[in-house]
Amino acid sequence: MILSFLGIADDLQRMLDSLDDKKSENVESLVEGITLINDKLHRRLSSLKVEPFDSEGVQFDPEIHDAMMTQSSDDHEDGVVIQEFEKGYKYKDKVIRHAKVIVNSKVESKEAE
């Protein structure tokens, strides 16, 4: 499995090596390269049955989320994830990394009043 990621490491190294002393004047080309490598990485993870899951806008669930902090927002219901710091990942149906998130808390806004 580790060998399957070495191609991605090679791609990253080639991209870094291609940057000239001017720190690459072609930002679009750099962004395109990063996007291609990111896509390749996610295709490889997917082939291994490792998939990210979305958290923003869903109800906080301690089985799949780690609440890093709470904030108060009138735009969301209480207990809804309003921002994701790090994506969560599942292997098949098992959570292998919890998503790190900010959760809406209406309690904070009531205490401030």
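Residues numbered from 1 in each chain as written. Predicted model: local features only at pLDDT ≥ 70, side-chain atom pairs only at ≥ 80, totals over all residues. Heavy atoms only, no water.

A. A look at the pattern of salt bridges. Tallied over the full model, the rule gives six salt bridges. The partner of Asp11 in a salt bridge is Arg14, and the shortest N-O contact between them spans 2.5 Å. Linking Asp11 with Arg14, this pair stays in helix H1 (residues 2-18), spanning three residues, or about one helical turn. Exposure remark for Asp11: the relative accessible area of 18% places this residue in the buried category. (Salt bridge = Lys/Arg side-chain N within 4 Å of Asp/Glu carboxyl O. Helix = DSSP H or I, 4+ residues; strand = E, 2+ residues; numbered from the N terminus. Buried < 20%, exposed > 50% of the residue type's maximum accessible area, 1.4 Å probe, protein only.)

B. Here's a closer look at a nonpolar patch on the surface. Judged by side-chain polarity, Ile2, Leu3 and Leu6 come together as a nonpolar surface patch covering roughly 360 Å² of accessible area. Take Ile2: it is sitting in helix H1. (Patch = residues over 30% accessible without salt bridge, like charges linked within 9 Å, V, L, I, M, F, W, Y side chains within 5 Å. Areas by Shrake-Rupley, 256 points an atom, 1.4 Å probe, with all protein chains shown as cover.)

C. Inspection of the sheet that holds strand E2 (residues 65-71) at higher detail. One open sheet holds the three strands; their spatial order is E2-E6-E3, and the pairing between them is mixed. At either margin of the open sheet sits one strand with a lone partner, and together these are E2 and strand E3 (81-86). Strand after strand, the sheet turns through a mean of 30 degrees between neighbouring axes, direction not considered. Pairing between E3 and strand E6 (residues 99-104): four bridges, direction antiparallel. Its bridge partner lying in E6, Val81 is registered against Val103. (Pairing = 2+ DSSP bridges. Axes fitted to C-alpha atoms, helices over the stretch in contact; angles between N-to-C directions.)

D. Geometry of the nonpolar core. Phe53, Ile64, Val81, Val95, Ala99, Val101 and Val103 form the largest nonpolar core, which has seven residues in total. Counting residues per element, this core draws most heavily on E6, which supplies three residues. With residues near it in sequence (within four places) discarded, Val81 still touches Ser55, Glu56, Gly57, Val58, Phe60, His65, Val101, Ile102 and Val103. (Core = buried A, V, L, I, M, F, W, Y, C linked by side-chain atoms within 4.5 Å. Contact = heavy atoms within 4.5 Å.)

Read these as geometric descriptors, not functional statements.
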